[in-house]
Number of protein chains: 4
Amino acid sequence: IKRIGVLTSGGDAPGMNAAIRSTVRIALYNGLAVSGIRRGYQGLIEADIDDMQIVDVGDIINRGGTKLLTARSEDFMTEVGQKRALDVLRMFEIDGLVVIGGDGSFKGAKRLWDMGFPTIGIPGTIDNDLAYTDLTLGFDTAVSTVVSAINNLRDTSSSHGRVSIVEVMGRHCGDIALFAGLAGGVEDILVPERKFDLDEVARKILQGRRRGKLHSIILIAEGVGKSYEIAERLEALIHQEVRVTVLGYLQRGGTPSVTDRILGAQFGQRAVELLLEDKFGRVVGIRDNKIMDMAIEEALNEPKRFDQDKYDLAEILSL
Amino acid sequence: IKRIGVLTSGGDAPGMNAAIRSTVRIALYNGLAVSGIRRGYQGLIEADIDDMQIVDVGDIINRGGTKLLTARSEDFMTEVGQKRALDVLRMFEIDGLVVIGGDGSFKGAKRLWDMGFPTIGIPGTIDNDLAYTDLTLGFDTAVSTVVSAINNLRDTSSSHGRVSIVEVMGRHCGDIALFAGLAGGVEDILVPERKFDLDEVARKILQGRRRGKLHSIILIAEGVGKSYEIAERLEALIHQEVRVTVLGYLQRGGTPSVTDRILGAQFGQRAVELLLEDKFGRVVGIRDNKIMDMAIEEALNEPKRFDQDKYDLAEILSL
Amino acid sequence: IKRIGVLTSGGDAPGMNAAIRSTVRIALYNGLAVSGIRRGYQGLIEADIDDMQIVDVGDIINRGGTKLLTARSEDFMTEVGQKRALDVLRMFEIDGLVVIGGDGSFKGAKRLWDMGFPTIGIPGTIDNDLAYTDLTLGFDTAVSTVVSAINNLRDTSSSHGRVSIVEVMGRHCGDIALFAGLAGGVEDILVPERKFDLDEVARKILQGRRRGKLHSIILIAEGVGKSYEIAERLEALIHQEVRVTVLGYLQRGGTPSVTDRILGAQFGQRAVELLLEDKFGRVVGIRDNKIMDMAIEEALNEPKRFDQDKYDLAEILSL
Amino acid sequence: IKRIGVLTSGGDAPGMNAAIRSTVRIALYNGLAVSGIRRGYQGLIEADIDDMQIVDVGDIINRGGTKLLTARSEDFMTEVGQKRALDVLRMFEIDGLVVIGGDGSFKGAKRLWDMGFPTIGIPGTIDNDLAYTDLTLGFDTAVSTVVSAINNLRDTSSSHGRVSIVEVMGRHCGDIALFAGLAGGVEDILVPERKFDLDEVARKILQGRRRGKLHSIILIAEGVGKSYEIAERLEALIHQEVRVTVLGYLQRGGTPSVTDRILGAQFGQRAVELLLEDKFGRVVGIRDNKIMDMAIEEALNEPKRFDQDKYDLAEILSL
């Protein structure tokens, strides 16, 4: 390996810049050349590629988003597109590729590796929906953003005895709602992994009110259902206005947290090390507080486990 | 005047605590006793009242919401309720009342003054919809909250070339959208005071994209229409996903800004001074960077002027 | 006027980027060409100049510091340097110059205008030490940074019954300490404009402690004296540890506040308008909440007035 | 065990409130009564104790500091004091004690357990200087506070080509400097665990400047030496002003991070579980991302290991 490429793909996540910075600097430190590929696999196909030096990743560690931009690529879904990608990689003398992204991006990396091209994946997605790693890049920042929104709502909800619903990201994986709910001390957490009973939600609010609780904040992962409809049904049950906040892409942005910056640094380091050790077709991650790596295929097959302990703890603490 | 009462009413706003703190401490400093009335006019009617000392307003200056809580009161809309309020005020030997709130709260204060009870109003509402004052308490903080949300969206929107809609508060008054849009450098600002042409919004996005703009953020005051519908119509025009963020009551919360804390301190001071000078039935405010006061009636009659200059400036700067 | 130059000079201040962005875009909108001069007067002398287009000021509104960089220039103090500056301006066909900076930068602008070159000054300095304008760019953000530091100290000081000293900027002008102290609700504010009596400071702390106050935070503008020495003397008087926090250049950085961004937009607009109207040798500012302008010379001669009212108000509220 | 006591001792740390909340609510949920002991061991000796119910720990999860206050106690150092503490515990029918604090607090807990009283320790200290646990409560928040300060400095340092020194906490343990330096991307990190060579620091700054680096930020743990002296010596070497920022107790305050809030919840849960299982004289912690517990004595004897890997990684990335 003499020159590596690096790209970010899929939805962007805070900490991607830290991982880019680390990948580039560790590679250069080890005598490799580095090509930055813009706009993910689409940019790869379109040869939107530039050489990267140490200064090119200066002052990005504290920025959300990704300096290399990202995109979803339909062209890369086709065999023609994938071959084109390989051609471009060879044309630019790139002999190893670091892909920063989520599930879909890893599948693309696996495809390239199946075709013989050395790739390494770094988990970058705010959803934390990759089972093989305890944390994905961006998750901690996204949870912090939600908790900070809960902080704001707490002030005003207390003053008014209000009920608020906050819709957060998570179509299949409720981790953002779960962690933010536990950290934010909300009254109820609705996640796609568990059924919910709106009567019980309403009961809890009414009981809390009798015990003097001044506010009720309910977190809903988007996969659970339509927040506005749930709010309406809840209003009917508790006879009180329920206001909805939809955080949307707000959760993708923001200055990366300390955790995401350090993870990004460590992931980038391990990714380059693997390429230097001729270990390809692997993804890096963190397990039991240790940076680890594993075959992409294996990683993609691990079933995501819901953290029932944290869910139960949040339930007890919200009393 | 020997004892004053203070209450917060209507929607809460950051800075209300600073105004309560100032009112209480300035009053005590001037030898007055102070009664804190909880839950606005409703708490007044229900005699939810406690004596306040210097320590009771310690460590609240940095908290959103209102320590005295707030509520909307239907009882106070009736003549019976208003008389009951007067009875309670006299029963508790309160001979002057400071009301912190918006339009509706001021009407209540005016009613009490019409019935002969000395009242002073402090403008506390995030909407900035009181025409007689350049700023209402809470407005600056709410705008900051929106701008900080725009900051987050900017990172991720740039990475992805995304179009985002952010719905902010403002049913009749677009000031939050206007100020946050100008400060946040968004691409378009839709306010209830001005008609909008969605074709033009779409044109601007498409032109910006051609010029290399990586993101488009559109602020919509809630009075303009349903964000989700506008998003759908816009998607049809620009053939690109448009994600909606609804900030909701998030905008009411948060640590008050410097401006709102200083305003709160100054408003509280002037309110107590007016009571000490036997000037009643007045509201305090800030105009031309000077604390001022005026008859409630007059204040309520001033027509709100839309700040066309800022609107035009935002338009030019968003090119 | 066909082409204007813009530079930032002296200490940087949050909001300078907003002013650059506005100056550039308003100028381009009005058909003027714009040259960005890097590193202030020194860069001018060294012809460190680039053409600026709309995209060159994209995504800087939310960044602290200045995209055009800044420096102090000894060369420009000399007549030779000043003539060289004029030569460069003419060589680059710049026929109007916008200077963003403080006192010293304005003197430079005045010198150029005295030599016949059309200049306009925009007040950019966190110290708020320009008397002719109610606010300078960066002041509001700096005060917010200090208040946020006070917030942090408040938590821990309360838990421990601690006394803390916070040293803030301000060699001659205590405005940062004054505004942050009033907004932060600190126990004492020491500014260069007023003598202080350490016995009185100590008395107040001891009395507060007896009344149940859990913490004491004292703000000191750097012009008052050495914080560590004052802390030692205070420890001797109150027999309790006094910990010092020195915020230093922390106060220069940070995302600009809403106020500073809007001011930046408005100052840039007025600066370009003045050049278009052939009004030269002037500075822009804000007075009584209105954007204004005035001859540089006059502006530099206005004596700075200390805001005794806010000082007294802070004193009463800190009881 | 029918009634437990909970106290915070030593320096306060963000997340202590989350741990108090969790301890109280988990205990109540399991049918135990809870006594809150104010001001640490000193308050225990003085019987400054109140019964705690669910509402008493409402709305504290987001607050820095500790609701139970803290203090250092000389009385508790003596045998008389310790016996008095035992008497008070028995008098109040407390039969198990949760101590939240650092090294010194744990020694106190061990003393009580040596005397036969059931105690459990929760690690709460921003310094992360307890070797047996990967994280102590408050560390993540403190690091975030430092990183946010670095963010601010970065803006202004870039604009000016400045060199800044930031002094952070850590007399014997450089973890705050190490983690914040890695996450903040600073140019140099000086910790008490490693000798430093100021010539090398200076060389790096000068080389960086030649390579176009616009700023240099150097983090110094307070145990390394006097920042102002180091700054002066550095100025002599690089012929450029070096400004010092001393964060002081700022690092103790602030809203707890997500990590610290979740840790607090989990630590409190495990602490109560241990008491319920009649396992005493133990401390809880987190290792390899799992909540664990171990005998106090053993925990206190573990030697703190410096994280050389992170130190080396930071070194490479700062190039």
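Quick caveat: nothing in here was measured; it's all calculated off a predicted structure.

Moving on to the packing of helix H9 (residues 258-276) of chain B against helix H6 (residues 175-184) of chain C. One can describe the packing of H9 of chain B onto H6 of chain C by two numbers: an axis separation of 8 Å at closest approach and a directional angle of 75°. When the interaxial angle is binned, H9 of chain B and H6 of chain C end up roughly perpendicular. Contacts from Val-258, Arg-261, Ile-262 and Ala-265 of chain B of H9 of chain B reach H6 of chain C at Phe-179, Leu-182, Ala-183 and Gly-184 of chain C.

Looking now at the environment of Val-6 of chain B. Residues and elements named next belong to chain B. With respect to the helices and strands, Val-6 occurs in strand S1 (residues 3-8). Placed 87 residues apart in sequence, Val-6 and Glu-93 show a C-alpha to C-alpha distance of 13 Å. For Val-6, the residues in contact, after removing those within four places along its chain, are Thr-23, Val-24, Val-34, Ser-35, Gly-36, Ile-37, Met-52, Leu-68, Leu-97, Val-98 and Ile-100.

Moving on, we come to the sheet that holds strand S2 (residues 33-37) of chain D. Residues and elements named next belong to chain D. Read across the sheet, seven strands follow the order S3-S2-S1-S4-S5-S10-S11 without closing on themselves; strand pairing throughout is mixed. In this open sheet, the two edge strands, each paired with only one partner strand, are strand S3 (49-51) and strand S11 (290-295). If you compare each strand with its neighbour and ignore which way they point, the axes differ by 25° on average. Sheet topology note: the strand S5 (residues 119-123)/strand S10 (residues 282-287) ladder contains two bridges and is parallel. When the sheet's bridge partners are listed, Ile-120 is paired in S10 with Arg-282.

For the rest of this paragraph, the subject is the pattern of salt bridges. Pairing between side chains of opposite charge can happen when their charged atoms approach one another. Taken as a whole and judged by the stated rule, the model has 80 salt bridges over all chains. Here Lys-310 of chain A and Asp-307 of chain A are joined by a salt bridge, their closest N and O atoms 3.1 Å apart. For Glu-277 of chain D, the salt bridge identified is with Lys-279 of chain D, shortest N-O distance 3.2 Å. Exposure remark for Glu-277 of chain D: the relative accessible area of 44% places this residue in the partly exposed category. One salt-bridge network, in which partners are shared between bridges, spans Arg-38, Arg-39, Glu-46 and Asp-48 of chain A.

Superposition of chain D onto chain A requires a rotation of 180° combined with a translation of 0.0 Å along the rotation axis, giving an RMSD of 0.0 Å. These values place the two chain copies in the arrangement generated by a two-fold rotation axis. Closest approach to the rotation axis within chain D is made by the C-alpha atom of Asp-288 of chain D, at a distance of 2.0 Å.

A few words now on the confidence of the model for chain A. Residues at a pLDDT of 70 or more form 100% of chain A, whose mean pLDDT is 95. Here the prediction assigns the complex a pTM of 0.96, and the interface score ipTM is 0.95.

In any sheet, the strands associate via hydrogen bonds between backbone groups, in a parallel or an antiparallel arrangement. All names here are of chain A. Pairing is mixed across the open sheet formed by seven strands, whose spatial order is S3-S2-S1-S4-S5-S10-S11. A strand with exactly one partner marks an edge of an open sheet, and here the two such strands are strand S3 (49-51) and strand S11 (290-295). Strand after strand, the sheet turns through a mean of 25° between neighbouring axes, direction not considered. With six bridges connecting them, strand S10 (residues 282-287) and S11 associate as antiparallel partners. The residue bridging Val-284 from the neighbouring strand is Asp-293, located in S11.

Bringing the interface of chain D and chain A into the picture now. At the interface, 42 residues of chain D touch 42 residues of chain A. For the pair chain D and chain A, the summed buried surface comes to about 3,700 Å²; carbon and sulfur atoms form 58% of the total. On the surface where chain D and chain A come into contact, there are four salt bridges. Ionic pairing is found between Asp-288 of chain D and Lys-290 of chain A, a salt bridge with its closest N-O pair at 2.6 Å. Across the chain D-chain A interface, the total number found is 15 residue pairs in polar contact (both at pLDDT 80 or more). At the level of elements, helix H1 (16-29), helix H5 (139-160), helix H6 (175-184), helix H9 (258-276) and helix H11 (308-317) of chain D are the ones that each hand at least two residues to the side of chain D that touches chain A.

Let us look at helix H11 (residues 308-317) of chain A. Within H11 of chain A the residues assigned to the buried category are Lys-310, Tyr-311, Leu-313, Ala-314, Ile-316 and Leu-317 of chain A. Along its buried surface, H11 of chain A packs onto helix H6 (175-184) and strand S7 (188-190) of chain A together with H1 and H9 of chain D.

Residue and element names in this part refer to chain A. The buried fraction of strand S6 (residues 163-168) is high, at six of six residues. Side-chain alternation along S6 places Val-163, Ile-165 and Glu-167 on one buried face and Ser-164, Val-166 and Val-168 on a second face that is also buried. With six bridges connecting them, S6 and strand S8 (residues 216-221) associate as parallel partners. Looking at the pairing, Val-163 lines up with Ser-216 of S8. Relative to strand S9 (residues 242-246), S6 is paired through five bridges, and the arrangement is parallel. Across the sheet, residue Val-166 finds its bridge partner in S9, namely Thr-245.

Ranked by internal contacts, the top residues of the largest apolar core, which has 335 residues, are Leu-234 of chain A, Leu-234 of chain B, Leu-234 of chain C together with Leu-234 of chain D. Setting aside chain neighbours within four positions, we find Leu-234 of chain C in contact with Val-163, Ile-165, Leu-198, Val-201, Ala-202, Ile-205, Ile-218 and Val-242 of chain C.

All right, on to the side chain of Ser-35 of chain A then. Checked against the element boundaries, Ser-35 of chain A lands in strand S2 (residues 33-37). Its relative accessible area of 3% is what places Ser-35 of chain A among the buried residues.

Moving on to the packing of helix H5 (residues 139-160) of chain B against helix H9 (residues 258-276) of chain C. Two numbers describe how H5 of chain B lies on H9 of chain C: the axes approach to 10 Å, and their chain directions differ by 80°. Put simply, H5 of chain B runs roughly perpendicular to H9 of chain C. Across the interface between the two elements, Asp-140, Val-143, Ser-144, Val-147 and Asn-151 of chain B of H5 of chain B pack against Val-258, Thr-259 and Arg-261 of chain C of H9 of chain C.

For Glu-93 of chain B, which is not glycine, the phi dihedral falls at a positive 60°. By the element assignment, Glu-93 of chain B lies in the loop between helix H3 (79-91) and strand S4 (96-101). A positive phi angle is found at Asp-278 of chain D, which is not glycine, with a value near 55°. Mapped onto the fold, Asp-278 of chain D is located in the loop between H9 and S10. With a relative accessible area of 54%, Asp-278 of chain D lands in the exposed category.

Attention shifts here to the environment of Gly-254 of chain C. Tracing the backbone through its elements, the reader meets Gly-254 of chain C in the loop between strand S9 (242-246) and H9. Here the alpha-carbon distance between Gly-254 of chain C and Thr-119 of chain C, two residues 135 residues apart in the chain, equals 29 Å. Every residue in contact with Gly-254 of chain C, bar those within four places of it in the chain, is listed here: Pro-14, Gly-64 and Thr-141 of chain C together with Asn-152 and Asp-155 of chain D.

About the cut-offs
Residues numbered from 1 in each chain as written. Chains lettered and ligands numbered in written order. Predicted model: local features only at pLDDT ≥ 70, side-chain atom pairs only at ≥ 80, totals over all residues. Heavy atoms only, no water. Axes fitted to C-alpha atoms, helices over the stretch in contact; angles between N-to-C directions. Helix = DSSP H or I, 4+ residues; strand = E, 2+ residues; numbered from the N terminus. Parallel < 35°, antiparallel > 145°, perpendicular 65-115°, else oblique. Contact = heavy atoms within 4.5 Å. Pairing = 2+ DSSP bridges. Salt bridge = Lys/Arg side-chain N within 4 Å of Asp/Glu carboxyl O. Buried < 20%, exposed > 50% of the residue type's maximum accessible area, 1.4 Å probe, protein only. Least-squares fit on C-alpha atoms with pLDDT ≥ 70 in both. pLDDT = per-residue confidence, 0-100. Buried area = accessible area lost by both parts, 1.4 Å probe. Polar contact = N/O pair within 3.5 Å; in protein donor to acceptor, adjacent residues only side chain to side chain. Core = buried A, V, L, I, M, F, W, Y, C linked by side-chain atoms within 4.5 Å.

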